[in-house]
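Commentary on secondary and tertiary structure
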Amino acid sequence: MSGHPLLVAGGGIAGLTAALMLARSGHRVTVIEQAAEPTEVGAGIQISPNASRILIDLGLRPALERVAVTPEDLRVYSTRAGGEIGRTLLGGEVERRWRAPLWVIHRADLARVLTEAVHATPGIDLVHDARLRDVEPLPGGIRAFVTIASEPHELDVAGLIGADGVRSGVRTRVRGGPPARYAGRTAYRATVEIDRVPEELRRSTGLWMSPKAHLVHYPIRGGRLFNLVAVVEDDWTDESWSVPASAEEFARRFGLWEPKLWPQPARSLLTLPAAWTKWALCGFDCRFEWSSGPVTLIGDAAHATLPFAAQGGGMAIEDAAVLAGTLEAAPNPAAAFRAYEALRKARVRAIVETARKNGRLYHLGGTTGFFRDLVLKLGAGSRLTERHDWIWSWRPSDLRKPRDILAGPAPAP
Ligand SMILES: Cc1cc2nc3c(=O)[nH]c(=O)nc-3n(C[C@H](O)[C@H](O)[C@H](O)COP(=O)(O)OP(=O)(O)OC[C@H]3O[C@@H](n4cnc5c(N)ncnc54)[C@H](O)[C@@H]3O)c2cc1C
């Protein structure tokens, strides 16, 4: 089966990757993105091997390697221990073991590479300043009501893929799924020129763990910028989900004036940015049904997660690959969407749960924090990538064949 006209609502990582995968299998895809032009917050993202191998398979390796950094190692620090407690090799070691790289990259660079690939691919229309308003069922498909540059339009398609992010209207209004809720964590993000950062940190990924807070840092933009993400347990009182925050507000919130809370090496990083952008981290229970008839959800729209396993974007890229596989095997989009959901749910839930547990581990204080640090110092800190093996080793070809899924449930083990 091929050649379905499909509509993807949302031109983020999920929507653009899905469009590329689907066009490759012969579908005609329209992607509508509400932003008037490509925009991505000035911050970084880690792309682990489970996702980078899919992007490489799409032919994007040369373009991504021009802008991504392959960090040499992951260094873990604890504020209660006062410094480094573990170091694990990344770089060539990850590529050797997982046959694909771990990249850290500016989101705008990733979005640009995906957008350029979309423009270069026949069969995809990417329309900016276009917003999905509503849908109604049609025999054998769906009618989408869309505004493009404030003008109303109707699009009749065989299937609708909601890739419209954590606050997805396709999830809440079309699928009747849960709304996004603040998860009690706020992320502050900033980038600084790399030459302001100590030389020995410029090729590494770092994680500082502290009671009720943590900091992640790594180089981006081909090594010219340094990305900082600091997360704190918090209440969210602002009206929007992402707002600017001054260095003073940041210092107050992270207790930078308390000399004992953040050791000097961490404090000197946290005081580099003149301003931050703060984000409410949101989630919802992803156990609802993502698919119904010719409508399904991918990426954050289906399963937004706390970012503490660095897998939200990775799962969005995996979704795109699986969806393209089921659409190749199924007689129609409705059957393909059901099969896609069946193939994805258990893994996605396990990753969401891992991220939640990581968040707890990073923020431990007192005796439990002491034992966490001890375990890392005694050797676990040099084997941290082991914990990710089940996530990073995933390949679309490992799945039960979409054709088998469509034929019926798996036999009991
Ligand atoms: C602090 C932080 C750090 C993170 N770090 C990592 C990491 O290291 N690695 C990783 O893999 N993931 C990470 N993530 C998660 C990752 O950013 C997300 O999972 C990923 O961006 C989701 O992509 P998406 O395309 O599903 O959604 P989005 O990126 O939200 O894209 C949705 C798009 O849909 C558009 N849209 C919305 N409504 C409509 C509509 N009605 N019509 C048309 N368009 C619409 C929006 O404008 C948007 O462009 C992190 C997240 C955070 C918050």
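One can find the structure itself at the top, above this paragraph.
In what follows, the accompanying structure is described. Computed from a prediction, not measured in an experiment: that's the story for all the values here.

1. Regarding the overall build of the chain
For the chain, the count of helices and strands is 14 helices and 18 strands. For 413 residues, the compact-globule formula gives about 22 Å, and the C-alpha radius of gyration of the chain, at 21 Å, lands near that figure. By principal-axis analysis of the C-alpha atoms, the chain measures approximately 65 × 50 × 40 Å. Buried positions account for 55% of the 413 residues belonging to the chain. Sequence-distant contacts in the chain: of pairs separated by 6 or more residues, those separated by 24 or more amount to 73%. As displayed, the chain offers around 17900 Å² of accessible surface, 52% of which is attributable to carbon and sulfur atoms. On the chain, the mean spot of the 51 positive side-chain charges and the mean spot of the 45 negative ones are 6 Å from each other.

2. Some points on the pairing of strand S11 (residues 159–162)
Residues Gly159 and Ile161 line one face of S11 and the alternating positions Leu160 and Gly162 line the opposite face, and both faces are buried. The pairing of strand S1 (residues 5–9) with S11 spans 4 bridges and is classified as parallel. Looking at S11, one finds that leucine 6 is bridged to glycine 159. One ladder, built from 3 bridges, connects S11 with strand S18 (residues 295–297); its direction is parallel. From the neighbouring strand, isoleucine 161 faces S18, where its bridge partner is threonine 296.

3. Regarding the side chain of arginine 185
The residue arginine 185 is located in strand S12 (residues 181–193) in this model. If we ignore the near neighbours within four places in the chain, the residues touching arginine 185 are Val231, Val232, Glu233, Trp279, Ala280, Leu281, Leu306, Phe308 and His363.

4. Examining the sheet that holds strand S10 (residues 151–157)
Taken in spatial order, the 3 strands line up as S8-S9-S10 in an open sheet, and their pairing is antiparallel. In this open sheet, the two strands that pair with only one neighbour each are strand S8 (130–138) and S10. If you compare each strand with its neighbour and ignore which way they point, the axes differ by 25° on average. Here S8 runs beside strand S9 (residues 141–148); their pairing, made up of 8 bridges, is antiparallel. In the strand pairing of S9, proline 137 is matched with isoleucine 142.

5. Observations regarding the environment of alanine 355
Examined against the element boundaries, alanine 355 turns out to sit in helix H11 (residues 333–362). C-alpha of alanine 355 to C-alpha of aspartate 195: the two residues are 160 residues apart in sequence and 32 Å apart in space. Apart from the residues within four sequence positions on either side, alanine 355 is in contact with Thr305, Leu306, Phe308 and Ala309.

Reading guide: rules and limits
For every chain, the first residue of the written sequence is number 1, and numbering continues from 1 along that sequence. Local features in a predicted model are, by the rule used here, given only for residues with pLDDT of at least 70; side-chain atom pairs are given and counted only at 80 or more, and totals for whole chains, interfaces and linings are based on all residues. Water and hydrogen atoms play no part in the side-chain values, which are based on all heavy atoms of the structure. For helices the rule is a DSSP run of H or I covering at least 4 residues; for strands it is a run of E covering at least 2, with both sets numbered from the N terminus onward. Taken over C-alpha atoms, the radius of gyration is set against a globule rule of 2.2 Å times the number of residues to the power 0.38. The rule is simple: take the accessible area with a 1.4 Å probe, protein chains only, and divide by the maximum for that residue type; under 20% is buried, over 50% is exposed, in between is partly exposed. Contact criterion: two residues are considered in contact whenever any of their non-hydrogen atoms come within 4.5 Å of each other. All accessible areas in this document rest on Shrake-Rupley with a 1.4 Å probe, and a residue is counted as covered only by the protein chains that are shown. Positive: Lys, Arg. Negative: Asp, Glu. His and the chain ends are not part of the count. The atom standing in for a charge is NZ when the residue is Lys, CZ when it is Arg, CG when it is Asp and CD when it is Glu. Only strands that DSSP links by at least two bridges are regarded as paired with each other. Axis geometry follows a simple rule: fit a line to the C-alpha atoms, using only the stretch in contact for helices, then measure angles between N-to-C directions, giving values from 0 to 180 degrees.

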